[in-house]
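If you want the building blocks of each chain, they are given just below.
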Number of protein chains: 2
Amino acid sequence: MILPGQNEPLECCEEREVHTDVLQEVRDALPDDELLYDLAELFKVFGDSTRIKILYALFEAEMCVCDIANLLGLTQSAISHQLRTLKANKLVRARREGKTVYYSLADQHVRSIVGQGMEHVME
Amino acid sequence: MILPGQNEPLECCEEREVHTDVLQEVRDALPDDELLYDLAELFKVFGDSTRIKILYALFEAEMCVCDIANLLGLTQSAISHQLRTLKANKLVRARREGKTVYYSLADQHVRSIVGQGMEHVME
DNA sequence: CAAACATATGAGCAACTGTTCATATGTTCA
DNA sequence: TGAACATATGAACAGTTGCTCATATGTTTG
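Calculation rules
- Residues numbered from 1 in each chain as written.
- Chains lettered and ligands numbered in written order.
- Predicted model: local features only at pLDDT ≥ 70, side-chain atom pairs only at ≥ 80, totals over all residues.
- Heavy atoms only, no water.
- Near = heavy atom within 4 Å.
- Polar contact = N/O pair within 3.5 Å; in protein donor to acceptor, adjacent residues only side chain to side chain.
- Helix = DSSP H or I, 4+ residues; strand = E, 2+ residues; numbered from the N terminus.
- Nonpolar A, V, L, I, M, F, W, Y, C, P; charged D, E, K, R; others polar.
- Least-squares fit on C-alpha atoms with pLDDT ≥ 70 in both.
- Contact = heavy atoms within 4.5 Å.
- Buried < 20%, exposed > 50% of the residue type's maximum accessible area, 1.4 Å probe, protein only.
- Pairing = 2+ DSSP bridges.
- pLDDT = per-residue confidence, 0-100.
- Axes fitted to C-alpha atoms, helices over the stretch in contact; angles between N-to-C directions.
- Phe/Tyr/Trp six-rings, centres within 6.5 Å; stacked < 30°, edge-to-face > 60°.

Draft legend 1. Spotlight on the protein's contact with DNA strand D. Among the 27 residues in the neighbourhood of DNA strand D, the closest are listed as Thr50(A), Thr75(A), Ser77(A), Gln82(A) and Tyr103(B). Atoms of DNA strand D within 4 Å of the protein: sugar and phosphate make up 68%, bases the balance. Take Ser80(B): an N or O atom from its side chain is 2.9 Å from a phosphate oxygen of DNA strand D. Note that a phosphate oxygen of DNA strand D is positioned 2.8 Å from one of the side-chain N or O atoms of Arg84(B). At the level of elements, α3 (49-60) and α5 (76-88) of chain A together with α4 (65-72), α5 (76-88) and β3 (100-105) of chain B are the ones that each hand at least two residues to the surface near DNA strand D. The element contributing the most residues to the surface near DNA strand D is α5(B), with five residues. Grouping the constituent residues of the surface near DNA strand D by class yields eight nonpolar, eleven polar and eight charged.

Draft legend 2. Broad picture of the relation of the copies chain A and chain B. In screw terms, the move from chain A to chain B is a rotation of 180° and a rise of 0.0 Å along the axis, fitting with an RMSD of 0.0 Å. Such a combination of rotation and displacement between the chain copies is what one expects of a two-fold axis. Comparing contact sets, 100% of the residues at the interface of chain A also lie at the interface in chain B, consistent with an isologous, same-surface contact.

Draft legend 3. Representation of the pairing of β3(B) in the model. Residue and element names in this part refer to chain B. Burial of β3 is extensive: five of the six residues sit out of reach of the surface. Sheet topology places strand β1 (residues 63-64) next to β3; two bridges connect them, and they run antiparallel. Counterpart to Met63 in the pairing with β3 is Tyr103. Two strands pair when backbone bridges link them, and strand β2 (residues 92-97) and β3 are joined in this way by six bridges, in the antiparallel orientation. Following the sheet pairing, Arg96 is matched in β3 by Val101. Hairpin connection between β2 and β3: a loop of two residues separates the two successive antiparallel strands, and Gly98 in this loop has a positive phi of roughly 65°.

Draft legend 4. Structural view of the protein's contact with DNA strand C. As a structural note, the neighbourhood of DNA strand C is formed by 27 residues, with Tyr103(A), Thr50(B), Thr75(B), Ser77(B) and Gln82(B) the closest of them. Protein-adjacent atoms of DNA strand C, using a 4 Å cutoff, are sugar or phosphate at a proportion of 66%. Ser77(A) is positioned such that a nitrogen or oxygen atom in its side chain is 2.7 Å from a base oxygen of DNA strand C. Interatomic distance of 3.5 Å between a side-chain N/O atom of His81(B) and a base oxygen of DNA strand C.

Draft legend 5. Region of interest: the confidence of the model for chain A. Residues and elements named next belong to chain A. Mean pLDDT over chain A: 87, with 83% of residues reaching 70 or higher. For chain A, the element scoring lowest by mean pLDDT is helix α1 (residues 17-29), at 74; α5 scores highest, at 98. Below pLDDT 50 for its whole length, residues 1-11 participates in 23 contacts with residues either more than four positions away or in separate chains.

Draft legend 6. A look at the sheet that holds strand β3 (residues 100-105) of chain A. Residue and element names in this part refer to chain A. Taken together, three strands build an open sheet; the order of strands is β1-β3-β2 and the sheet is antiparallel. The sheet is open, and its two edges are formed by β1 (63-64) and β2 (92-97), each paired on a single side. Sheet strands touched by α5: β2 and β3. Its angle to β2, the strand with the most contacts, is close to 120°.

Draft legend 7. Quick look at the packing of aromatic side chains. Under the defined criterion, the tally for this structure stands at five aromatic pairs over all chains. Residues Phe43(A) and Phe43(B) carry aromatic rings whose centres are separated by 6.1 Å and whose planes lie at 15° to one another, so their mutual orientation is stacked. On the criterion of chain membership, the pair formed by Phe43(A) in helix α2 (residues 33-46) and Phe43(B) in helix α2 (residues 33-46) is interchain, its members lying in two chains. On the basis of relative accessible area, Phe43(A) is assigned to the buried category, the value being 0%. Here a set of aromatic residues connected by ring pairs shows up, and it is made of Phe43(A), Phe46(A), Phe43(B) and Phe46(B).

Here it is, written out as structure tokens:
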């Protein structure tokens, strides 16, 4: 039986013995569907220019909802909705101080993910 | 005039002198709108589970359209459309060999971006 | 407590997205 | 050249998303 190495081209679409075997190998290497789904969900959060702008703003300083709204020229409501999404995905955390709520980056992961993306875009 | 340091909370929503100044600072630090838009567009590409699965498959081996379709249980057409998107964003490149077209990762950037995301998801 | 303020939330709508279906393009081989 | 195959593309439709508007929640202060 022919067993191509890991990095050789797979045999293509007509039905053959080899074909399904190698497909199975790749299938086995794939992470669970659920995990891949979650990963896509995470990137979806970065995939909106308003949210990206919010994150970049928070790279500079902790900010409250109203200031961010001011900064980006959007409604307080719009920003609050987006912050909710960011918070739900643990990219941002909130700290209440009296009436105002200050948002900041949840961790440095966010910076590095965005940074990697930016490198790719700026090439 | 009061000038808070870079990492102090900004003054909030009522109109004050300080307020607009600090907002302006953050505004100046933000990359151009166009660049942020492109960055969001890039992440949008990662933000779909089909495309993520395709990329993960290509982590293992160069593959043709039909095999990927087989692997993921989707139409050849669906996969071709998604590969188009991936290619347009330079995440993937194509190599024709007779009738079949083999797709592979465009560069290692892709791996590291996806990897960073995966780390965040798996926490 | 009531008024003022900052934020959060829900409904609704316009715009966008991923898939399928039908079909076109490109390649090989008899 | 024509048939068979692999891929690409366009149209259309269902599902999703981000914004706005109206309003609710939570906090401070008179």
